[in-house]
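Results of the structural survey
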Amino acid sequence: MRPTPEHFLALFEPRGVVVAGASGHPGKFGFVALHNIRACGYQGAVFATNREGTEVLGEPTLHSVDDVPDGAADLVFVCTPASANPDLLRAAAAKGIRAAFIASAGYGEAGVEGRRRQDELVSLADDLDMLVVGPNGQGVISTPASLCAQIVAPYPPRGRIGIVSQSGNFVSSFMNYAIASGVGVSRAASAGNAAQVGVADFLEFYAADPETDVALAYVEGVPDGRRFFERLRRVTEDIPVVLVKGGATSGGARAAASHTGSLATDDRVFDGMCRQAGATRVNTIEEAYEVAATFATQPLPRGGRVAVVSTAGGWGVVTADAIARTTLDLFELPGDLLAALDEKLPPRWSRNNPIDMAGGETKDTIPEVLSIVARHDDVDAVVFLGMGIQSNQGRLEREGPFYPDHGLDRIVAFHDRQDRRYTTTAAALADELSKPILIATELAVTSPDNAAVRGTIEAGKYCYPSSNRAVTTLDLLWRHARWRDRRGL
Amino acid sequence: MSSDVAQMDGGPPPVRTRILSEADSKALLAAFGVPFPPEHQATNAATAVAAADALGYPVVVKLNGERIAHKTERGLVQLGLGDPEAVRRAADQLLAAATPDDGDVSLLIAPMLRANRELIAGLSHDPQFGMTVMVGIGGILAEAVADVAVRLVPIERVDAEDMLDELTFQRLLGEFRGEPAMDRDAVVDVLIALSCAAEAHTELVSADLNPVLLVDGAPVAVDALVEVMGEPAR
């Protein structure tokens, strides 16, 4: 069966949800699933079934899906044993339920018998015209519906990234990064054994989903490589796809009569396939989220010319080194930009790119300089460094024995205001000019409550933990922009 | 020579493949626009010398046959032959070096090209994604360096351009030791030609253009090895 957008809406925006196999035991998946749905603010109707009819979380349960009112639910979250599921799906379909998430194990991962059971499940679901996700998956998230139908944590902030993973644990990892970075998620699904629908089906839904701007996928293998490529290629025309592949290096050397055959290893073929399809492949889970968060929060650059703007210090120097390792261009400042900056900056400023502002001059210097640089036609993107230093000092003062006396309260508040202003200005300029402006500081990790970090996050942007990572990510954005540009997209 | 693409492990019978001779490999790929040097076939020393006289010296003489794959390793390539006597001697040696296992053989006589840079390009069948096309930095270190880019067949020009951009050793592709920069359009043409050949010849399993010399920046494939499905030559 080819799932339709209606099937996915039944999964992601159900009118009501049934947890089949709800349990009163807090250690059971049937408890956790119900708990998470009810704890995270889902506004639709929630039903739970339990054969003994025991209360769960202070609410009565239904004896079976047969007791759910007709048309009251679109999604059933299945925690019952595999043997009970065919009857359950038939009963659910009779109630108008169009989607099932199957957390139950005992399918394709469980030997010959499990594979047979999985095949039967799929053909039954096809007959019932029902979307079945899983089995053996961890759940599904949909922030526009405040839906946290999963047997793991966390529940992420709302955002524009659509996630699908062949490992449920990496869905959790991605959502942990969503919480830490403040750049949120629209939908997420653990594909489990991907019996009826797999990664490509979700990517196609995300491409059409008005809640989703970027897709993020973890894959271990694709069953029909050629077909996967063709589908991926169509998805990337609509939205960027960030892809991380597990088991990339496990493919052994193959016997090949040709040199080409021995050079075209599994991993290089996969990598070339991604590049050809316009998908952005990265090597780590951490980088995957960072790149997806960047696609979700920054415009694509129109060119590769980067200006590095730094309040002071060696940051600019190492960032220049990082840029030299990429396809980005640390362009030379043109005369008109030099002259404009001379007017704003003290004579000791670098007069070069990276633009070292040498501490600035007045309380308005930093946002003014950033604005002049970002607005210049030669600038395609900005890496903005040295944010949060003053409010980091403010933190030491606030936590020290002299606070709030000796004028400390006023200066600490001033620094916080300034750092917030600098970073929110950067975010507003990026949006206004449609140019990426990436803020990088290790305070994102070492002091996440720093005013510059908070300002960046509250303005809806990702705060990079190092300039190196900002540059690597920007390079991938530029590569994708180039891919689109060369194909007239 | 033949190889088993699938493993012999009690599963389905392996796909049998055979290789084409260098001359036939080149003829197949040249039809799609892969640039090869002008080349003559000969069956004895006298016709080899006549061919070399026609081409002009120096020349290369190689042993050619449907069951000869790794000529260099077996010493079946003689380079830089500067006069008729050298060609005559090389032709006699190569024909004498042929073994009964090599089947029918002939001699290939080609002009001796000089270049400081080499690429490797080719086709290979991937079990998951089907036919792929590859380009990389060539030469004796090609497999150790492994600076290559791969795409799925068919490719468009823009894909081929991306492939060249993807290579790490870009400096080898620019102006180099007094030679002009690589003619990127011409190399793109080679990759497109490979892709078209793979589409047209579904029996194709792999193809090697190794090396592709950059002669004053222009690509010229001086060797080709095509592998197709089918029973090996007897």
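Further up the page is the structure itself.
Structural notes, computed from the coordinates. If you're wondering where the values come from, they're calculated on a predicted model, not measured in any experiment. Residue indices begin from 1 for each chain and proceed along its sequence in written order. Chains and ligands are labelled sequentially in the order written, the chains with letters from A and the ligands with numbers from 1. Whole-chain, interface and lining totals are the exception, using all residues; otherwise, since this is a predicted model, local features are given only for residues with pLDDT of at least 70 and side-chain atom pairs are given and counted only at 80 or more. To obtain the side-chain values, all non-hydrogen atoms of the structure were included, while hydrogens and water were left out.

For the rest of this paragraph, the subject is the interface of chain B and chain A. Residue-level contacts link 39 residues of chain B with 25 residues of chain A. Buried surface at the junction of chain B and chain A, both sides included, amounts to about 2700 Å², of which 53% is carbon and sulfur. Two parts placed together each lose some accessible area under a 1.4 Å probe, and the buried area is that loss summed for both. The largest contributions to the chain B side of the interface with chain A come from Phe-129, Glu-143 and Leu-152 of chain B, which together make up 22% of the buried area. Whenever a carboxyl oxygen of Asp or Glu lies within 4 Å of a side-chain nitrogen of Lys or Arg, that contact is scored as a salt bridge. Where chain B meets chain A, there are five salt bridges. Here Arg-275 of chain A makes a salt bridge to Glu-166 of chain B, at a shortest N to O gap of 3.4 Å. Within 3.5 Å is the distance limit for a polar contact, defined as a pair of N or O atoms, with the added protein rule that one can donate a hydrogen and the other accept it, and that residues adjacent in sequence qualify only through two side-chain atoms. The interface formed by chain B and chain A contains 16 residue pairs in polar contact (both at pLDDT 80 or more). Numbering of helices and strands starts at the N terminus; helices are DSSP runs of H or I of at least 4 residues and strands are runs of E of at least 2. Elements that contribute at least two residues to the side of chain B that touches chain A include exactly strand E6 (118–126), strand E7 (130–137), helix H4 (142–145), strand E8 (148–152), helix H5 (157–166), strand E9 (204–215) and strand E11 (224–229) of chain B. In this description, contact between two residues means that some pair of their heavy atoms is separated by no more than 4.5 Å.

Time to look at unusual backbone geometry. Residue and element names in this part refer to chain A. Between Gly-134 and Pro-135 the backbone carries a cis peptide bond, its omega angle lying at -5°. Topologically, Pro-135 is positioned in the loop between strand E5 (131–133) and strand E6 (139–142). At the junction of Ala-153 and Pro-154, the peptide bond is cis and its omega measures out at 0° in the coordinates. One non-glycine residue, Ser-146, adopts positive backbone phi at about 50°. Within the element layout of this structure, Ser-146 appears in the loop between E6 and strand E7 (147–150). Throughout, exposure labels follow a simple rule: accessible area from a 1.4 Å probe, protein chains only, divided by the maximum for the residue type, with under 20% read as buried, over 50% as exposed, and the rest as partly exposed. Owing to a relative accessible area of 22%, Ser-146 belongs among the partly exposed residues under this scheme. Phi is positive for His-406, which is not a glycine, with a value near 60°. Structurally, the position occupied by His-406 is in the loop between helix H14 (389–399) and helix H15 (408–433).

Turning next to the pairing of strand E11 (residues 241–245) of chain A. Residue and element names in this part refer to chain A. Among the five residues that make up E11, five are buried, leaving the element largely enclosed by the rest of the structure. Only strands joined by at least two bridges in the DSSP assignment are considered to pair. Here strand E10 (residues 214–219) pairs with E11 via five bridges, running parallel. Across the sheet, residue Tyr-218 finds its bridge partner in E11, namely Val-244. Considered for its hand, the β-α-β crossover made up of E10, helix H7 (residues 225–238) and E11 is right-handed. With three bridges joining them, E11 and strand E12 (residues 280–282) adopt parallel strand pairing. Counterpart to Leu-243 in the pairing with E12 is Arg-281. With the strands aimed away from the viewer, a crossover counts as right-handed if its path from the first strand over the helix to the second runs clockwise.

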